[in-house]
Amino acid sequence: MKAAHGMALMVRNAVMQKELLNLLAARKGHFRLESGHHGDLWLNLDLLFVRPNHVRRFAVELADRLSKYNVAAVCGPLVGGALVAQTVASELDVEFYYTERFVLPERDALVPVEYRIPNGLRKMVHGKDVAIVDDVINAGSAVRGTLAELRSCGARPVVVGALLVLGSAAPGFFAGQNVPVESIAYLPSGLWVPSECPLCASQTPLEDIAADRQNFAERSVWLPTPLTPAPIHRR
Ligand SMILES: [Zn+2]
């Protein structure tokens, strides 16, 4: 009986992951990116929030997976993370916070970007168990910045939740912080300089994204797995 239930859950999770990746127009292939890197995955993040009711069911599912952590609040980085976090907070009937991204003026700052909770809310989150929620986590700069901000406010980040996690960079980081990561979907993702690209080595046909725009929505984005810190869409 229990095994049958487990199987049904696995099938349900697999269906949900597929539906989410459809919503993101996720596509595997061999792509030449505007940065000059070669990559194996395309996503369209802008499609995610066009139909709120479509993304809502994934946020509700995420809330269900986060419910066992008994958090007092949910915090998400603006923009996409906060949109998902607000639905999760509503479902769990707990407080909602958000962080805003600030680029630091000091050019030689070790971490040039910070995520901050609005001043008027920093005291309110003090002492609370918080779930950090984002839409898509790749390098995880937004969730890492949010983790640091919550700790500096005296809050306890106890779990990270996302609709989609890409690659192993962020899960590796949060494992080191003893903060579990929950997600609806996970995809491995690769980014290489052309000379080291395994898809080139296997002679997989290359699509030139920069030169072949008509195949993609204008604002389709590539989410790089950063070999070195890389600019990430809306992060
Ligand atoms: Zn290649």
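Thresholds applied
Residues numbered from 1 in each chain as written. Predicted model: local features only at pLDDT ≥ 70, side-chain atom pairs only at ≥ 80, totals over all residues. Helix = DSSP H or I, 4+ residues; strand = E, 2+ residues; numbered from the N terminus. Buried ≥ 20, exposed ≤ 12 C-beta atoms within 10 Å, placed from the backbone. Contact = placed C-beta atoms within 7 Å. Core = buried A, V, L, I, M, F, W, Y, C linked by C-beta atoms within 7 Å. Pairing = 2+ DSSP bridges. Axes fitted to C-alpha atoms, helices over the stretch in contact; angles between N-to-C directions. Right-handed = clockwise from strand over helix to strand, strands pointing away.

Caption draft 1: A look at the overall build of the protein chain. Looking only at helices and strands, the protein chain features seven helices and ten strands. Across the 235 residues in the protein chain, those meeting the buried criterion constitute 37%. Taking the intrachain contacts of the protein chain between residues at least 6 apart in sequence as the baseline, contacts between residues at least 24 apart amount to 65%.

Caption draft 2: Looking closely at the nonpolar core. In this structure, Val74, Cys75, Ala85, Val88, Val130, Leu163 and Leu164 are the most contacted members of the largest nonpolar core, which totals 56 residues. Looking at this core, the element that brings in the most residues is strand S7 (residues 156-166), giving seven residues. When residues no more than four places from it in sequence are discounted, the contact partners of Leu164 are Leu20, Leu24, Val136, Ser183, Ile184, Ala185 and Leu187.

Caption draft 3: Region of interest: the sheet that holds strand S3 (residues 73-77). Spatially, six strands are ordered S5-S4-S3-S6-S7-S8 in an open sheet, and the strand pairing comes out mixed. Looking at which strands have only one partner, the edges of the open sheet turn out to be strand S5 (113-116) and strand S8 (181-187). For this sheet, the mean angle separating the axes of adjacent strands, direction not counted, is 20 degrees. Pairing of strand S6 (residues 129-137) with S7 involves eight bridges; the strand directions are parallel. Looking at S7, one finds that Ile137 is bridged to Val165.

Caption draft 4: Region of the structure containing the pairing of S6. With eight of nine residues buried, S6 lies mostly within the body of the structure. Where S3 lies against S6, three bridges are found, and the strand directions are parallel. Note that in S6 the partner of Cys75 across the bridge is Ile132. Between the parallel elements S6 and S7, the chain passes through helix H5 (residues 141-152) in a crossover that is right-handed.

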